[in-house]
Amino acid sequence: MCNSKEIGGLGFRDLRCFNQALLAKQGWRLIRKPDSLVARVLKACYFPSGDFLNARKGSKASFVWRSIIWGREVIEKGSRWRIGLGLNIDVIQDRWVPNPPMFKIFDPPPLPEGFTVFDLRLHNGEWDSKFIHLLFSDEEARRILSLPLGSFDHDDVLI
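About the cut-offs
- Residues numbered from 1 in each chain as written.
- Predicted model: local features only at pLDDT ≥ 70, side-chain atom pairs only at ≥ 80, totals over all residues.
- Heavy atoms only, no water.
- Helix = DSSP H or I, 4+ residues; strand = E, 2+ residues; numbered from the N terminus.
- Rg over C-alpha atoms; globule rule 2.2 N^0.38 Å.
- Buried < 20%, exposed > 50% of the residue type's maximum accessible area, 1.4 Å probe, protein only.
- Contact = heavy atoms within 4.5 Å.
- Areas by Shrake-Rupley, 256 points an atom, 1.4 Å probe, with all protein chains shown as cover.
- Lys, Arg positive; Asp, Glu negative; His and termini not counted.
- Charge placed at Lys NZ, Arg CZ, Asp CG, Glu CD.
- Axes fitted to C-alpha atoms, helices over the stretch in contact; angles between N-to-C directions.
- Parallel < 35°, antiparallel > 145°, perpendicular 65-115°, else oblique.
- Nonpolar A, V, L, I, M, F, W, Y, C, P; charged D, E, K, R; others polar.
- Salt bridge = Lys/Arg side-chain N within 4 Å of Asp/Glu carboxyl O.
- Phe/Tyr/Trp six-rings, centres within 6.5 Å; stacked < 30°, edge-to-face > 60°.
- Lys NZ or Arg CZ within 6 Å of the ring centre and 35° of its normal.
- Patch = residues over 30% accessible without salt bridge, like charges linked within 9 Å, V, L, I, M, F, W, Y side chains within 5 Å.
- pLDDT = per-residue confidence, 0-100.

A look at the overall build of the chain
For the chain, the helix and strand inventory stands at 5 helices and 2 strands. Going from N to C terminus, the chain has its helices and strands arranged as α-α-α-β-α-α-β. A globule of 159 residues ought to have a C-alpha radius of gyration of about 15 Å, yet the chain, at 19 Å, is considerably larger. Structurally, the chain occupies a C-alpha span of about 60 × 40 × 30 Å along its principal axes. Here the chain holds 159 residues, and 32% of them are scored as buried. When contacts within the chain are restricted to residue pairs at least 6 apart in sequence, those whose partners lie at least 24 apart make up 51%. About 10,700 Å² of surface is accessible on the chain, with carbon and sulfur atoms providing 56% of the total. One finds the centroid of the 23 positive side-chain charges in the chain at a distance of 10 Å from the centroid of its 19 negative side-chain charges.

Laid out in structure tokens, this is it:
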């Protein structure tokens, strides 16, 4: 299977990476289609009060669940948040700032646990630029303020 196509193989270069990518695709389906039967079953078993991205493997996890958790690493490395309301995006922990390759705050200020992007917005939905400039370096404040904001009636979306 790992031989080139010219000599009768399938041309896979690294089966381990290919397998992890396929498992990541299943994890992505759990995120994008939370009402599917498999998503509801896995949620009930492994993350009843949370979401897939924050779910733990658990000590008695099935092989399927352990495998999908392994695939989640690919999602975590390659995804980031598009801001809607901002309630689901942790300012420090999540990938949301246009700062490749991390897409995170480079030099995080001391913020309380659970501080979300929503907390950086004014009541009218715009960025609180004065507050942002107080918290972050000039470069990070510029990056944050360059982000378009979704309206209050849109959810945050993992992209």
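Some thoughts on the packing of helix α1 (residues 15-32) against helix α3 (residues 63-78)
For the pair α1 and α3, the least separation of the axes is 7 Å and the interaxial angle reads 95°. Taken together, the axes of α1 and α3 lie roughly perpendicular to each other. Note on element contacts: α3 touches α1 through W65, S67, I68, W70, G71, E73, V74 and I75, opposite R16, N19, Q20, L23, A24, Q26, G27, W28, L30 and I31. Grouping the amino acids of the contact of α1 with α3 by side-chain chemistry returns 10 nonpolar, 6 polar and 2 charged.

Details of the pattern of salt bridges
Summed over all chains, the structure comprises 3 salt bridges. For the salt bridge of R72 with E76, the shortest nitrogen-to-oxygen distance reads 3.5 Å. Within this pair, R72 and its partner E76 are both found in helix α3, separated by 4 residues, close to a single helical turn. Residue R72 is classed as buried on the basis of its relative accessible area of 10%. In this structure, R143 and E139 form a salt bridge, with 3.5 Å as the shortest nitrogen-oxygen distance. On the criterion of helical spacing, the pair formed by R143 and E139 is a turn pair, its members being 4 residues apart in helix α5 (residues 138-145). The exposure class of R143 is partly exposed, given its relative accessible area of 21%.

Let's talk about the packing of aromatic side chains
Each aromatic ring pair is summarised here by two numbers: the centre-to-centre distance and the angle between the ring planes. One pass over the full model with this rule turns up 6 aromatic pairs. Judged by centre distance (5.6 Å) and plane angle (20°), the ring pair of F47 and W65 falls under stacked. With F47 in the loop between α2 (37-46) and α3 and W65 in helix α3, the pair connects residues that are 18 residues apart, well separated along the chain. A residue is classified by how much of its surface remains accessible, and W65, at 0% relative accessible area, is buried. Sitting over the face of the ring of F52, R72 holds its NZ or CZ atom 5.6 Å from the ring centroid.

As for a nonpolar patch on the surface
Together, L15, F18 and L22 make up an exposed nonpolar region whose accessible area comes to about 240 Å². Considering the arrangement of structural elements, one finds F18 in helix α1. Given the relative accessible area of 36%, F18 is considered partly exposed.

Things to note about the confidence of the model for the chain
Residues of the chain with pLDDT of at least 70 account for 97%, and the chain-wide mean is 90. When pLDDT is averaged over each helix and strand of the chain, the minimum, 88, is found for strand β2 (residues 157-158) and the maximum, 96, for helix α4 (residues 129-135).

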